Amino acid sequence: LPVGLAQWFPALEELDVSGTGLAELGTELLALPRLRTLLAKNNRLGGPSSLPKGLAQAPLGRSLRVLNLSGNRFAEVPPTLLGLRGLQSLSLGGNRLHSIPPDIQELRSLEFLYLGGNFITSIPPELANLPSLSYLVLCDNKIQSIPPQLAQLHSLRSLSLHNNLLTYLPREILNLVHLEELSLRGNPLVVRFVRDLTYNPPSLQELAGRTIKTRNVPYAPSDLPENLVRYLSLASNCPNPKCGGVYFDSCVRQIKFVDFCGKYRLPLMHYLCSPECSSPCSSASQSSTSQSESDSEDEASVAARRMQKVLLG
Amino acid sequence: RYTRNLVDSGNGKFNLMILCWGEGHGSSIHDHTDSHCFMKILQGNLKETLFEWPEKKGNGEMAKKSERVLRENQCAYINDSIGLHRVENISHTESAVSLHLYSPPFDSCNTFDQRTGHKHKVKMTFYSKFGERTVC
């Protein structure tokens with residue numbers, strides 16, 4: 001970046017340095033007080049000093065709304081950008097990311113997140129804590145499962161998961177009532193019923209968490225270390241209508257196929273808090289009463305119909 | 001998803017439209033309802049994957065015939081006797097724009113599930129017509 005950039009153009013709001021071969025964005029950036037859009041696609045960014053230190057503390061830390069770093073060489077999400085509290089749109093498509101940091105939840109204003117074309121293997125449940133996220137792109141990665149907590153993204157309108165390694169989806173995906181687009185092609189989704197009742201007994205932390213939630217034990221953020229406060233916020237409700245339980249990480253898994261608007265049969269993973277619970281949708285291989293089968297089918301298909309334009313491609 | 005923007009409806013004999021593809025956007029596998037379909041890339045690149053028609057009962061993964069990446073200014077043609085295709089912008093950094101001519105015009109087609117060959121009729125909609133955003 002040219003020295004004195006901010007002196008020449010103090011009112012600069014949009015800067016596009018895409019395709020310029022830059023390996024570093026220097027401290028000249030920090031002096032641009034009004035910068036709202038920074039496009040730096042297709043460069044050689046990715047090393048430790050790619051972004052200037054103190055990015056979040058500079059004036060542009062509050063003004064920056066759009067940041068596009070796609071087509072670079074980032075192997076991790078640069079921690080410096082996680083302090084950009086005003087950021088609405090972030091693209092790191094086509095980089096070399098292997099994971100998403102849980103601190104992504106610091107980007108409180110984020111509405112658009114593009115992470116397609118990386119090497120991501122899993123999604124941290126903390127991603128679900130982004131209150132305004134409406135457009136999430138995770139296509140062309142190596143993702144094997146979706147955390148059920150993602151269903152807490154109430155603003156989510158578009159979810160792109162095509163070309164990953166998903167074999168099933170969490171049943172909670174049906175709770176995303178505002179979801180208009182969902183792409184799932186190019187995943188090895190199971191097409192036959194899979195019975196999997198392996199159950200890892202819950203950890204002491206999980207048991208304590210469950211007790212706090214189900215017995216409504218009161219606590220304030222000042223009572224607990226921050227990581228435990230966050231852990232408790234990630235509780236999921238057991239889908240068994242007769243059970244008021246919650247679970248965190250330890251659960252029984254059952255795959256149930258749900259018809260989406262009569263079009264596609266998707267394998268949805270039901271998580272139950274213990275082997276004693278039964279899924280609201282009973283397994284296909286059991287011969288339960290036809291009444292309860294059709295009731296639970298209806299519940300699932302009503303929820304499925306709420307998803308409008310499902311793009312399964 | 002990608003948007004379909006009608007530019008000209010001819011004299012009822014054809015539809016001319018511009019499709020705008022964001023990064024990662026792709027279509028489903030679809031047929032062309034017995035019409036001629038021409039496509040020209042105006043900006044960026046689009047990958048076209050051709051598929052064989054599935055067997056009557058449609059059971060099992062659909063068979064890919066071929067795939068190619070169409071560059072700026074390249075043209076492609078397809079009709080139902082050639083096969084089915086999926087069109088995608090596989091770039092994660094660039095958007096793409098294509099010009100499509102369909103004759104005769106059609107507003108519904110079949111989409112196919114690649115894993116099973118099952119088809120489903122869908123109505124096609126326009127994001128805009130003659131420069132005006134269509135209200136859904």
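Residues numbered from 1 in each chain as written. Chains lettered and ligands numbered in written order. Predicted model: local features only at pLDDT ≥ 70, side-chain atom pairs only at ≥ 80, totals over all residues. Heavy atoms only, no water.

- Looking up chain B in an unreviewed UniProt entry gives the name Cysteine dioxygenase, with the organism given as Crypturellus soui.
- Quoted verbatim from the Sequence similarities (unreviewed entry) field of the UniProt record, the comment on chain B reads "Belongs to the cysteine dioxygenase family."
- What UniProt records for chain B under Pathway (unreviewed entry) is the sentence "Organosulfur biosynthesis; taurine biosynthesis; hypotaurine from L-cysteine: step 1/2." (UniProt positions renumbered as here; feature names shortened; annotations may be inferred.)

- In the nomenclature of an unreviewed UniProt entry, chain A is known as LRC58 protein of Crypturellus soui.

1. Brief notes about helix H3 (residues 204–214) of chain A
Residue and element names in this part refer to chain A.
Moving on, step 1. When H3 is considered as a whole, its buried residues turn out to be Glu206, Gly209 and Arg210. One face of H3 carries all of its buried residues, which in axial projection span an arc of 100 degrees.
Moving on, step 2. Positive backbone phi, approximately 50 degrees, marks Asn216, located one or two places after H3. (Buried < 20%, exposed > 50% of the residue type's maximum accessible area, 1.4 Å probe, protein only. Helix = DSSP H or I, 4+ residues; strand = E, 2+ residues; numbered from the N terminus. Arc of directions from axis to C-beta.)

2. Some details on unusual backbone geometry
Moving on, step 1. That bond from Ser103(B) to Pro104(B) is cis: its omega, -10 degrees, falls within 30 degrees of zero.
Moving on, step 2. For Asp140(A), which is not glycine, the phi dihedral falls at a positive 50 degrees.
Moving on, step 3. Here Asp140(A) lies in the loop between strand S6 (135–137) and strand S7 (158–160).
Moving on, step 4. Here Asp140(A) falls in the partly exposed class, since its relative accessible area comes to 27%.
Moving on, step 5. In this structure, Thr33(B) takes a positive phi of about 40 degrees despite not being glycine.

3. As for a nonpolar patch on the surface
All names here are of chain B.
Moving on, step 1. Nonpolar side chains collect at one region of the surface, where Phe38, Tyr77 and Ile82 lie side by side and expose about 240 Å² of accessible area between them.
Moving on, step 2. Locating Tyr77 in the fold gives a position in strand S7 (residues 75–78).
Moving on, step 3. In this structure Tyr77 comes out as partly exposed when scored by relative accessible area, which is 30%. (Patch = residues over 30% accessible without salt bridge, like charges linked within 9 Å, V, L, I, M, F, W, Y side chains within 5 Å. Areas by Shrake-Rupley, 256 points an atom, 1.4 Å probe, with all protein chains shown as cover. Salt bridge = Lys/Arg side-chain N within 4 Å of Asp/Glu carboxyl O.)

4. Considering the pairing of strand S9 (residues 96–103) of chain B
Residues and elements named next belong to chain B.
Moving on, step 1. As defined by bridge partners, strand S2 (residues 15–21) adjoins S9 across seven bridges and the pair is classed as antiparallel. Of the residues in S9, the one forming a bridge with Ile18 is Leu99.
Moving on, step 2. In terms of strand pairing, strand S4 (residues 36–43) meets S9 through seven bridges, oriented antiparallel. Looking across to S9, one finds that Ile41 is bridged to Ser98. (Pairing = 2+ DSSP bridges.)

5. Some points on the sheet that holds S4(B)
Moving on, step 1. The strand order across the open sheet formed by seven strands is S7-S4-S9-S2-S1-S12-S13 (chain B), and the pairing between neighbours is mixed. On the outer flanks of this sheet lie S7 and strand S13 (132–133) of chain B, each paired with one strand and no other.

6. Notes on the packing of aromatic side chains
Residue and element names in this part refer to chain B.
Moving on, step 1. In total, this model carries five aromatic pairs over all chains according to the counting rule given.
Moving on, step 2. Ring centres of Tyr2 and Trp21 lie 4.4 Å apart, and the angle between their planes is 20 degrees; on these two criteria the pair is classed as stacked. Of this pair, Tyr2 sits in the segment before strand S1 (3–8) while Trp21 sits in strand S2; the two residues are 19 residues apart in sequence, bridging distant segments of the chain. Taken individually, Tyr2 and Trp21 each receive the classification buried, so the pair is uniform in this respect.
Moving on, step 3. When the centroid spacing of 5.0 Å and the interplanar angle of 65 degrees are considered together, the rings of Tyr102 and Phe106 count as edge-to-face. In this structure, Tyr102 and Phe106 share a single accessibility class: buried.
Moving on, step 4. Here the guanidinium or amino end of Arg1 rests over the ring plane of Tyr2, the centre of that ring lying 4.7 Å away.
Moving on, step 5. Between the NZ or CZ atom of Arg133 and the centre of the ring of Tyr127, over which it lies, the distance is 3.7 Å. (Phe/Tyr/Trp six-rings, centres within 6.5 Å; stacked < 30°, edge-to-face > 60°. Lys NZ or Arg CZ within 6 Å of the ring centre and 35° of its normal.)

7. A look at the interface of chain B and chain A
Moving on, step 1. Taken together, the contact pairs 18 residues of chain B with 25 residues of chain A.
Moving on, step 2. The junction of chain B with chain A conceals about 1,700 Å² of combined surface from both sides, 46% of it contributed by carbon and sulfur atoms.
Moving on, step 3. Its largest share of buried area at the contact with chain A, chain B owes to Arg1(B), His92(B) and Arg115(B), together 40% of the area lost on that side.
Moving on, step 4. Notably, a salt bridge pairs Glu94(B) with Lys41(A), separated by 3.4 Å at the nearest N-O pair.
Moving on, step 5. For the pair chain B and chain A, the interface holds 11 residue pairs in polar contact (both at pLDDT 80 or more).
Moving on, step 6. If you list the elements that add at least two residues to the side of chain B that touches chain A, you get strand S8 (84–88) and strand S10 (108–112) of chain B.
Moving on, step 7. Here the residues of the side of chain B that touches chain A sort into one nonpolar, 10 polar and seven charged. (Contact = heavy atoms within 4.5 Å. Buried area = accessible area lost by both parts, 1.4 Å probe. Polar contact = N/O pair within 3.5 Å; in protein donor to acceptor, adjacent residues only side chain to side chain. Nonpolar A, V, L, I, M, F, W, Y, C, P; charged D, E, K, R; others polar.)

8. Comments concerning the state of the cysteines
Moving on, step 1. Applying the stated criterion across every chain yields a total of zero disulfides over all chains.
Moving on, step 2. Residue Cys139(A) stays outside any disulfide, its sulfur separated by 18 Å from that of Cys20(B), the closest cysteine.
Moving on, step 3. Sulfur of Cys109(B): no disulfide; nearest cysteine sulfur belongs to Cys37(B) and is 9.4 Å away.
Moving on, step 4. Cys109(B) gets classed as buried once you look at its relative accessible area, which sits at 6%. (Disulfide = S-S within 2.5 Å.)

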